Amino acid sequence: MSQNTAVKERKAKPVARKDMSKAQWTLKEMKKHKAGYIMIAPFFILFFVFTVVPVFLSMILSFTSFNLLEWPKFIGLDNYIRLFLDDDIFLTAIQNTLIFAVVTGPVSYLLSLFVAWFINELPPKMRAFVTLIFYAPSIAGSMYQIFGIFFSSDRYGYVNGFLIEYNFITEPIQFFQNASYVMPLCIVVALWTSLGTTFLSFIAGLQIVDNSLYEAGALDGVKNRWQELWYITLPAMKEQLMFGAVMSITGSFGFGGIVTALAGFPSVDYCAWTIMHHLEDYGGQRFEVGYSSAIATILFLMMIGSNMLIKKLLSKVGQ
Amino acid sequence: MARRMRVRNHKVVLNRSAGGDAGITALLVVLGILMFIPMYFSVMTSLKPLDELWIFPPKFYVINPTFKNYADLFRLMNTSWVPFSRYIFNTVLITVAGTFGNLCLGSLAAYALSKIPFPGRKTIFQMIVLSLMFVSTVTGIANFITFSLLGLIDNLLAIILPACCSTLGLYLMKQFMDSSVSNEALESARLDGAGEFRVFWSIAMPMVKPAWLTLIVYSFQGLWNTGSSVYIQSEQLKTFNYAIQQILSAGIVRAGASTAAMVIMMIVPVTVFIVSQSNIIETMASSGMKD
């Protein structure tokens, strides 16, 4: 009986963290919050199987030669050596991917920011309408293929039709068969579809900047809207800027589908061939799994790398 | 200074030059028109009768609008050897199942990450943030192997399961919970003896309705546009968008039917967005990423 009371007393005494080792404390917290694990488990199992494992599996397979039929054979860095030294098309793909990312990423990011900033002062109904006009192309599915009809290579294409009508040219231009037009056109189309999540996030971020900050800024001598943007608005929505950057960067690497739909697979002279296409070619069609895993790993590292770089740059906003 | 303060849209607006206002408005109008032209043309072209489609030079407007292109599209669809309703059924099945799965798994996970301080949640959340930083193409090949091992090649589950664990909607919901569900409300319910699932369902969930809707819209948009996939080979398991792409691939020869197809594919997500816009913007207000 007395023993029982003693146990009860010990239990009732609050346990401080310093009384235990770190492992004991963690274990206790884990038991206390086991509902958390149960709730996250269904999501996490699928996430682990379909997102985490594949990233590591690709990294491992990139050091092997594997065709899905025989057991993978370890070949060290051979895939990477072949990619950078023997595969001219891959070097074109890296170049095009970088051009695509460096142009569409920042341009779509700044376009999202400025359009969101411009429309922030419109009355709510008007703002909702203008938001729809700018956002709709990004969710319009395959609507971008209308550009294939605009720039169709015969005189019934709108652009050729007008250029011929007003005597700028006499023969229709083969827009998507001419290497010097394909990349710029695809970039324009990609930009048309690029005001997506980043744009919505900025619109929302601008609306929640505290009004008193602007009043205080005016007293502190902010002279014009540009100073206000740089010294007050942008620092106040820094977290949105970061999220938007992640969305824009990821998007800027994902425009392969637009190129395929407009310029064909492969595009003329591989002029708009990106890493995504190379991956699709070796992984989805030739089933060279080891080799395409190396391509996927490089693409993965490029995307994570550029995200980290931009994170560093954005920490300087407003300084 | 105070003399120059103006109020616009219930907010104090400072230091705005009239010239700047005019310039910005002009720029916005020009950009808006550029964004709108392709949409406008798709709709116009889809309403043109055959003889107007081939007028040279092409016209900006329709003289005798007709729905014949839409009728043609349905006639073309019926020539496919798999009944067209099958493609539509597949797309609807994928979209509904994937969105429902993502909503259930995502909201449970978002609640756990936001409101239950279990050890390891920071690491898991960092993994989720990291997953927003790369496109899913990267994982395609490895997933092909996984699906072969699981026997899910040529099975719609190969599309539905990865959609259930998509992370953007979860991320937005978690951030929204952080900022708009107060811990005090949850704590008092816990003291009353409610279990975590009960707290989740009857207190947290009703407070984050905008985030649900955002998750649903994002999942829906992604799945609605599912086209051809390496995981699916049988014709009777292909999607609506895949069938549309087959029609589009004929190019300008079928400009009428193609644009009709584009308009049909566009109308659904755009309508969904119009209905849910204010909720999505509300959710996006807390989308910010802390470092």
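Residues numbered from 1 in each chain as written. Chains lettered and ligands numbered in written order. Predicted model: local features only at pLDDT ≥ 70, side-chain atom pairs only at ≥ 80, totals over all residues. Heavy atoms only, no water.

*Asks:* Would you mind going over the overall build of chain A in detail, with residue names and values included?
*Replies:* If you tally the helices and strands in chain A, you get 16 helices and two strands. The C-alpha radius of gyration of chain A comes to 27 Å, more than 25% above the 20 Å expected for a compact globule of 319 residues. Here chain A holds 319 residues, and 50% of them are scored as buried. Of the contacts formed within chain A by residues at least 6 apart in sequence, a portion of 67% connects residues at least 24 apart. When the accessible surface of chain A is split by element, carbon and sulfur atoms take 65% of a total near 15,600 Å². A distance of 21 Å separates the average location of the 23 positive side-chain charges in chain A from that of its 21 negative side-chain charges. (Helix = DSSP H or I, 4+ residues; strand = E, 2+ residues; numbered from the N terminus. Rg over C-alpha atoms; globule rule 2.2 N^0.38 Å. Buried < 20%, exposed > 50% of the residue type's maximum accessible area, 1.4 Å probe, protein only. Contact = heavy atoms within 4.5 Å. Areas by Shrake-Rupley, 256 points an atom, 1.4 Å probe, with all protein chains shown as cover. Lys, Arg positive; Asp, Glu negative; His and termini not counted. Charge placed at Lys NZ, Arg CZ, Asp CG, Glu CD.)

*Asks:* Give me the lowdown on helix α11 (residues 211-219) of chain A, citing residues and values where you can.
*Replies:* Residue and element names in this part refer to chain A. All buried positions along α11 are accounted for by Tyr 214, Gly 217 and Ala 218. The buried residues of α11 all sit within an arc of 100° when viewed along its axis, so they share a single face. Contacts made by the buried residues of α11 are with α12 (225-236). A positive phi of about 95° marks Gly 221, the residue just after α11. (Arc of directions from axis to C-beta.)

*Asks:* Which residues make up the packing of helix α9 (residues 183-191) of chain B against helix α10 (residues 196-207) of chain B, and what values go with them?
*Replies:* All names here are of chain B. Look at α9 against α10: their axes get within 10 Å of each other, and the N-to-C directions meet at 135°. What the angle tells us is that α9 and α10 run oblique. Crossing geometry of α9 relative to α10 is assigned as right-handed. Residues Ala 185, Leu 186, Ala 189 and Arg 190 of α9 form the contact with α10, whose own contacting residues are Glu 196, Val 199, Ile 203 and Ala 204. Across the contact of α9 with α10, the residue classes tally to six nonpolar, no polar and two charged. (Axes fitted to C-alpha atoms, helices over the stretch in contact; angles between N-to-C directions. Parallel < 35°, antiparallel > 145°, perpendicular 65-115°, else oblique. Left-handed = near helix turned anticlockwise from the far one by under 90°. Nonpolar A, V, L, I, M, F, W, Y, C, P; charged D, E, K, R; others polar.)

*Asks:* Quick one: what's the story with the nonpolar core, residue by residue and with numbers?
*Replies:* By size, the foremost hydrophobic cluster in this structure holds 189 residues, and its most contacted members are Phe 43, Phe 199, Leu 241 and Phe 243 of chain A together with Tyr 111 of chain B. For this core, the element with the most residues is helix α13 (residues 255-284) of chain B, which contributes 13 residues. Leaving out residues up to four positions away in the same chain, Leu 241 of chain A has contacts with Tyr 109, Leu 113, Phe 202, Leu 234, Leu 314 and Val 317 of chain A. (Core = buried A, V, L, I, M, F, W, Y, C linked by side-chain atoms within 4.5 Å.)

*Asks:* Describe a nonpolar patch on the surface, listing the residues and the values that go with them.
*Replies:* Nonpolar side chains collect at one region of the surface, where Phe 63, Phe 74, Leu 77, Ile 81, Phe 84, Leu 85 and Leu 91 of chain A lie side by side and expose about 720 Å² of accessible area between them. Topologically, Leu 77 of chain A is positioned in the loop between β2 (73-74) and α4 (78-86). (Patch = residues over 30% accessible without salt bridge, like charges linked within 9 Å, V, L, I, M, F, W, Y side chains within 5 Å. Salt bridge = Lys/Arg side-chain N within 4 Å of Asp/Glu carboxyl O.)

*Asks:* Now, about the domain arrangement of chain B: what can you tell me, with residues and values included?
*Replies:* A common measure of how large an interface is: the accessible area buried when the components associate. Each assigned domain of chain B is listed here: domain 1 (1-41) and domain 2 (77-284). Domain 1 of chain B and domain 2 of chain B are separated by 35 Å when their C-alpha centres are compared. (Domains from an automatic or database assignment.)

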